[in-house]
Amino acid sequence: MDFRLTEEQDALVRMVREFADREVRPVAAENDRKARFPADLVRRMGELGLMGIEVDVEYGGSGLDPVSYVLAMEEISAACASTGVIMSVNNSLVCDPLVKFASEEQKKRFLVPLASGEKLGCFMLSEPEAGTDAAAQRTTAVRDGDHYVVNGTKNWITNGPQADYGILFTMTDKSKAHKGITAFIVDMNAPGVRRGPKDDKLGIRASHSCQVFFEEHRVPVEQRLGEEGQGFKIAMATLDCGR
Ligand SMILES: Cc1cc2nc3c(=O)[nH]c(=O)nc-3n(C[C@H](O)[C@H](O)[C@H](O)COP(=O)(O)OP(=O)(O)OC[C@H]3O[C@@H](n4cnc5c(N)ncnc54)[C@H](O)[C@@H]3O)c2cc1C
């Protein structure tokens, strides 16, 4: 078996390492101390094609392979763990489920801006009473005509304070337990979506997380990701890939 990097992977490592050395590492300690979100670096990572590394070029990404994604993550994270986390959530927890489960129309509307770095995404699965046991979702989505009405609280949402769009997991049929979970793509600035203050963390402080509250939030049916009841499968497939 040949474990050497391809020429393309080698060139990517050199490009990302140079960017990390020149722009990320010099501000990492201060950003961490001040818990300052590196907005400029996130914008630069978008310009360099690092926010949707494995997403096809036609959907705003770089069209590279999983090894390239890991190599780029290593370089960024070695310079600044926070910047690595911000990048990793957008790539693996947001773009990846959209690549696998979104409709063509959803890809054009949400994946293109997220993968190109024009917009930032978050992944909203955890709740105050649903951490390791992700199937214990209490956030509900009740169908009302061509919308669902969402109520509930999500916890520890990385990129939550800054995100434009989020992948949201809800319970649409409690009687079916984990088979009653349904996923949505949510506009984080829509009415009925409220973000709490950023969490005060002990480390990786430049990557922000917060609680997100859904209060009678109306999400259109066309923003449902996959079918009703497919949410748990989408969540687990996404986390497998992220891990
Ligand atoms: C910095 C940070 C960022 C995060 N970002 C996100 C995010 O972007 N999106 C998101 O959805 N979530 C996010 N999370 C939430 C994270 O996924 C949860 O913290 C995690 O799932 C664990 O849940 P919990 O904290 O409720 O711990 P618990 O589920 O209460 O677990 C506490 C401890 O008990 C152990 N445990 C639990 N159940 C069992 C069992 N049955 N048997 C044996 N041991 C058990 C666990 O291993 C753990 O050690 C984030 C968390 C942190 C700290």
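Please read all numbers here as calculations on a predicted model, not as lab measurements. (Residues numbered from 1 in each chain as written. Predicted model: local features only at pLDDT ≥ 70, side-chain atom pairs only at ≥ 80, totals over all residues. Heavy atoms only, no water.)

Details of the site of the ligand
Turning to step 1, where the next piece is worked out: Near the ligand the following residues occur: Phe123, Leu125, Ser126, Gly131, Thr132, Trp156, Ile157, Thr158 and Lys201.
Turning to step 2, where the next piece is worked out: One of the backbone nitrogen or oxygen atoms of Phe123 is found 2.8 Å away from a nitrogen atom of the ligand.
Turning to step 3, where the next piece is worked out: In this structure, an oxygen atom belonging to the ligand sits 2.6 Å away from a side-chain N or O atom of Thr132.
Turning to step 4, where the next piece is worked out: Contact with the protein chains removes 39% of the 970 Å² of surface that the ligand exposes when unbound.
Turning to step 5, where the next piece is worked out: For the shell around the ligand, the element with the highest residue contribution is strand β3 (residues 147–158), accounting for 3 residues. (Near = heavy atom within 4 Å. Polar contact = N/O pair within 3.5 Å; in protein donor to acceptor, adjacent residues only side chain to side chain. Areas by Shrake-Rupley, 256 points an atom, 1.4 Å probe, with all protein chains shown as cover. Helix = DSSP H or I, 4+ residues; strand = E, 2+ residues; numbered from the N terminus.)

Looking at the pairing of strand β7 (residues 209–220)
Turning to step 1, where the next piece is worked out: Two elements, β3 and β7, share 9 bridges in a ladder whose sense is antiparallel. When the sheet's bridge partners are listed, Thr153 is paired in β7 with Phe213.
Turning to step 2, where the next piece is worked out: With 4 bridges joining them, strand β6 (residues 193–198) and β7 adopt antiparallel strand pairing. What sits directly across from Arg195, in β7, is Val212. (Pairing = 2+ DSSP bridges.)

Side note on the domain arrangement of the protein chain
Turning to step 1, where the next piece is worked out: Its domain assignment divides the protein chain into domain 1 (7–115) and domain 2 (121–242).
Turning to step 2, where the next piece is worked out: Between the C-alpha centres of domain 1 and domain 2 there is a distance of 22 Å.
Turning to step 3, where the next piece is worked out: Taken together, the 27 residues of domain 1 in the interface contact 28 residues of domain 2.
Turning to step 4, where the next piece is worked out: Across the domain 1/domain 2 interface, buried area totals approximately 2,400 Å², and carbon plus sulfur atoms make up 68% of it.
Turning to step 5, where the next piece is worked out: Area buried by domain 1 at its contact with domain 2 is led by Leu93, Phe101 and Phe110, which between them contribute 25% of it.
Turning to step 6, where the next piece is worked out: If you look at where domain 1 meets domain 2, you find 9 residue pairs in polar contact (both at pLDDT 80 or more).
Turning to step 7, where the next piece is worked out: Of all the secondary-structure elements, those providing two or more residues to the side of domain 1 that touches domain 2 are α1 (7–34), α4 (81–101) and α5 (104–115). (Domains from an automatic or database assignment. Contact = heavy atoms within 4.5 Å. Buried area = accessible area lost by both parts, 1.4 Å probe.)

Section: the packing of helix α3 (residues 66–79) against α4
Turning to step 1, where the next piece is worked out: Relative to each other, α3 and α4 sit at 150°, their axes nearing to 6 Å. Between α3 and α4, the angle is such that the two are roughly antiparallel. In contact with Tyr69, Ala72, Met73, Ile76, Ser77 and Ala79 of α3, α4 contributes Ala81, Thr83, Gly84, Met87, Ser88, Asn91 and Ser92.
Turning to step 2, where the next piece is worked out: For the contact of α3 with α4, the per-class residue count stands at 7 nonpolar, 6 polar and no charged. (Axes fitted to C-alpha atoms, helices over the stretch in contact; angles between N-to-C directions. Parallel < 35°, antiparallel > 145°, perpendicular 65-115°, else oblique. Nonpolar A, V, L, I, M, F, W, Y, C, P; charged D, E, K, R; others polar.)

Details of the environment of Asn151
Turning to step 1, where the next piece is worked out: Position of Asn151 relative to the elements: it lies in strand β3.
Turning to step 2, where the next piece is worked out: Residues Asn151 and Asp133 lie 18 residues apart in sequence; the distance between their C-alpha atoms is 19 Å.
Turning to step 3, where the next piece is worked out: There is a polar contact of 2.7 Å between the side chain of Asn151 and the backbone nitrogen of Glu216.

Some words on the environment of Thr158
Turning to step 1, where the next piece is worked out: By secondary structure assignment, the location of Thr158 is in strand β3.
Turning to step 2, where the next piece is worked out: Filtering out sequence-adjacent residues up to four positions away, Thr158 remains in contact with Val85, Val89, Cys122, Ser207, His208 and Ser209.

A word on the pattern of salt bridges
Turning to step 1, where the next piece is worked out: In total, this model carries 19 salt bridges according to the counting rule given.
Turning to step 2, where the next piece is worked out: Two residues, Glu127 and Lys154, come together in a salt bridge whose shortest N-O distance is 2.8 Å. Placement of Glu127 in the loop between β1 (121–124) and β2 (140–144) and of Lys154 in strand β3 is noted, with a sequence separation of 27 residues between them. Each member of the pair, Glu127 together with Lys154, is buried.
Turning to step 3, where the next piece is worked out: A salt bridge links Asp144 to Arg218, with the nearest nitrogen and oxygen atoms 3.0 Å apart. A residue pair is termed long-range when its members are at least 10 positions apart, and Asp144 in strand β2 and Arg218 in strand β7 qualify at 74 residues.
Turning to step 4, where the next piece is worked out: When its relative accessible area of 40% is taken as the criterion, Asp144 is described as partly exposed.
Turning to step 5, where the next piece is worked out: Judged by its relative accessible area of 40%, Arg218 is partly exposed.
Turning to step 6, where the next piece is worked out: Three or more residues joined by partner-sharing salt bridges are found here, namely Glu18, Arg22, Glu23, Arg43, Arg44 and Glu47. (Salt bridge = Lys/Arg side-chain N within 4 Å of Asp/Glu carboxyl O. Buried < 20%, exposed > 50% of the residue type's maximum accessible area, 1.4 Å probe, protein only.)

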